[in-house]
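Letter by letter, the chains look like this.
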Amino acid sequence: MKRSRLIVACALAIAASVCGGSVHAGGLGTTAAWSYDGTVANGVLGETVVVADVTGDGYDDLLLGGRSGEIRVFFGGASGPGASPSHIMSGDPQFVIRMAAVGDWNGDGFEDIVVGGSFNSQPAVSIYLGSGSGPGNSPAWVVTGFGVVVAGAGDVNGDGYDDILTADPTAVVGGLTQVGRAFLFLGGPNAPTTPVWSRAGDTQSDVLGDSMNGVGDVNNDGYDDFLISEKGYVQYSTIRNKTVITGIGRVSLYLGSAAGPATTPAWVTVGPADSGVYGWAVGSAGDVNGDGIGDMYVTDNQASVKIKGGGMNKPTGQRRGKVYVYHGSTLGPSSTASTIVIGDLDESELGNDAVAGDFNHDGFSDLALSAPKLPSQDIQRGRIYAYLGGPSGLATTAAWFVDGGQPGAGGLGLPLASGKVNGDLFDDLLVGVPAFDTVAGVDAGRGELYLGQAN
């Protein structure tokens, strides 16, 4: 169900989506310090968002993508980003479907961006190099035939250049459909266009690679590692001569080394049999417990939980979502989650996206989580939460949350990114609101920035 159109007046009256919504403070500002409204109806600006220092000036920059064939770039600075784009990257109508920061891919001192979408009207993965004036319109590197899902892998082989992951979750393998295949490409000044590593799913509808991400160094060996999920994986077991489902969704960790990642994962987890979509989003949780070793998260935004008092005719706990945090160690992460965060509202789908950052600058990484389907009388305003890290790991109660101020604005999902946009000691949070209605029309989209602060 879509909300009433066209614009909620109060949402346009201030530069924050909290108009008419709820706010809980702790680690981030309670109103957006900056926002930018999309200028094209149905352009869903903010469907994909990135924070990276693409100009090399020490301030992280904001990039907002959608379906208008443009990426809008806002340079960071001591006063934050400007009201208008500093640069606009243009391409085909499907120019950007996925977008990710990849660190310094070619070793020139500027952070770079990988885009999965189209180039010259063909499905492609392209890398745009940072520079003193930001990324240009022409990619430095293009490959076709390796899907359009993209992610930064970190420096997997320790050669000083950051590497990238690409995937085609719909790939046919062995005659089976939607098995999925992922690829690793190494970075460098003369980076090859042939992958050095690939991995395919095992069974039909595994959709391997629809979610994947670098997770930093989770075993403290000096090489970056990465996660790849198989959202559609189903694990069967035979119990008392009956074949039953014993797990849904699978996530695999591949460890980096001087020779690159191994062909087999070092760590594999399978979601419980009652999972919704275990592995919906995967990535680095930063260092949530401050032990100097990277941690990682796996979300299940469709997960339901059993609530006392619920029954067949009065179900509760439906699709609240769960987020699993696994602590790294010199032996690698445990197979059991150190922390499980559970959504507090039915149908809200906590864990649609996640991003780590030290928002309160206490030395422990925090985790921001989106719940785009937050139900209300206005339908799906969406809510963003922040959970703080500490010596025992991630808290299970949110220290901060903010509700969307426009009915339905969370309907297309709320992607997240983080970085130091204004150069202070606190990480900031960029939120994409692709279903936001603006004066340009329905689903023009929006980006919002919340600044980190002390508790």
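Just so you know, these numbers come straight off a predicted model, no measurement behind them.

## Quick word on the overall build of the chain
Line of reasoning, step 1. A tally of helices and strands in the chain yields one helix and 29 strands.
Line of reasoning, step 2. Taken over C-alpha atoms, the radius of gyration comes to 21 Å for the chain, in line with the 23 Å a tight globule of 455 residues would show.
Line of reasoning, step 3. Along the longest, intermediate and shortest principal axes, the C-alpha atoms of the chain span 65 × 60 × 45 Å.
Line of reasoning, step 4. Across the 455 residues of the chain, 57% fall into the buried class.
Line of reasoning, step 5. Once local pairs closer than 6 in sequence are excluded, the contacts in the chain between residues at least 24 apart make up 56%.
Line of reasoning, step 6. Just so you have it, the chain exposes about 17100 Å², and 51% of that area is on carbon and sulfur atoms.
Line of reasoning, step 7. For the chain, the centre of its 23 positive side-chain charges and the centre of its 46 negative side-chain charges are spaced 16 Å apart.

## A short note on the packing of aromatic side chains
Aromatic rings in a pair are described by how distant their centres are and how their planes are angled relative to each other.
Line of reasoning, step 1. Applying the stated rule across the entire model yields 15 aromatic pairs.
Line of reasoning, step 2. Both rings, one in Trp197 and one in Tyr254, keep their centres 4.9 Å apart while their planes meet at 70°; by these two values the pair is edge-to-face. Of this pair, Trp197 sits in strand β14 (residues 197-200) while Tyr254 sits in strand β17 (residues 242-254), and the two are 57 residues apart along the sequence. An identical accessibility class is assigned to Trp197 and Tyr254; each is buried.
Line of reasoning, step 3. Ring pairing ties together the aromatic residues Trp105, Trp141, Phe146, Phe183 and Phe185, which thus form one cluster.
Line of reasoning, step 4. Sitting over the ring of Trp280, Lys231 keeps its end group 4.0 Å from the ring centre.
Line of reasoning, step 5. Here the basic side chain of Arg383 rests over the ring of Phe401, its NZ or CZ set 4.1 Å away from the ring centre.

## Let's talk about the sheet that holds β14
Line of reasoning, step 1. Spatially, the four strands line up as an open sheet ordered β11-β12-β13-β14, and their pairing is antiparallel. With one partner strand each, in any of the chains shown, β11 (149-154) and β14 form the two edges of the open sheet. Each neighbouring strand pair of the sheet contributes to a mean axis angle of 20°, computed without reference to strand direction.
Line of reasoning, step 2. In the sheet, strand β13 (residues 181-185) pairs with β14 via four bridges, with the strands oriented antiparallel. Residue pairing across strands places Arg181 opposite Ala200, the latter belonging to β14.

## Focus: the sheet that holds strand β2 (residues 34-37)
Line of reasoning, step 1. The strand order across the open sheet built from four strands is β2-β29-β28-β27, with neighbouring strands paired in antiparallel fashion. In this open sheet, the two strands that pair with only one neighbour each are β2 and β27 (416-419). Looking at each pair of strands side by side, their axes are set apart by 15° on average, direction ignored.
Line of reasoning, step 2. Examined bridge by bridge, β27 and strand β28 (residues 428-432) share four bridges and lie antiparallel to one another. Bridge assignment links Ala417 to a residue of β28, and that residue is Leu430.

## Observations concerning the side chain of Ser365
Line of reasoning, step 1. Mapped onto the elements of the fold, Ser365 is located in the loop between β23 (354-357) and β24 (366-371).
Line of reasoning, step 2. Of the residues examined, Ser365 reaches a relative accessible area of 14% and is grouped as buried.
Line of reasoning, step 3. Here the side chain of Ser365 touches Asp287 through a polar contact of 2.9 Å, landing on its backbone nitrogen.
Line of reasoning, step 4. Among residues more than four places away in sequence, those in contact with Ser365 are Ala285, Gly286, Asp287, Val288, Gly357, Leu388, Gly389 and Leu394.

## What about unusual backbone geometry?
Line of reasoning, step 1. Positioned with a positive phi, Glu347 is a non-glycine residue whose angle comes to about 65°.
Line of reasoning, step 2. With respect to the helices and strands, Glu347 occurs in the loop between β22 (339-342) and β23.

How each quantity is defined
Residues numbered from 1 in each chain as written. Predicted model: local features only at pLDDT ≥ 70, side-chain atom pairs only at ≥ 80, totals over all residues. Heavy atoms only, no water. Helix = DSSP H or I, 4+ residues; strand = E, 2+ residues; numbered from the N terminus. Rg over C-alpha atoms; globule rule 2.2 N^0.38 Å. Buried < 20%, exposed > 50% of the residue type's maximum accessible area, 1.4 Å probe, protein only. Contact = heavy atoms within 4.5 Å. Areas by Shrake-Rupley, 256 points an atom, 1.4 Å probe, with all protein chains shown as cover. Lys, Arg positive; Asp, Glu negative; His and termini not counted. Charge placed at Lys NZ, Arg CZ, Asp CG, Glu CD. Phe/Tyr/Trp six-rings, centres within 6.5 Å; stacked < 30°, edge-to-face > 60°. Lys NZ or Arg CZ within 6 Å of the ring centre and 35° of its normal. Pairing = 2+ DSSP bridges. Axes fitted to C-alpha atoms, helices over the stretch in contact; angles between N-to-C directions. Polar contact = N/O pair within 3.5 Å; in protein donor to acceptor, adjacent residues only side chain to side chain.

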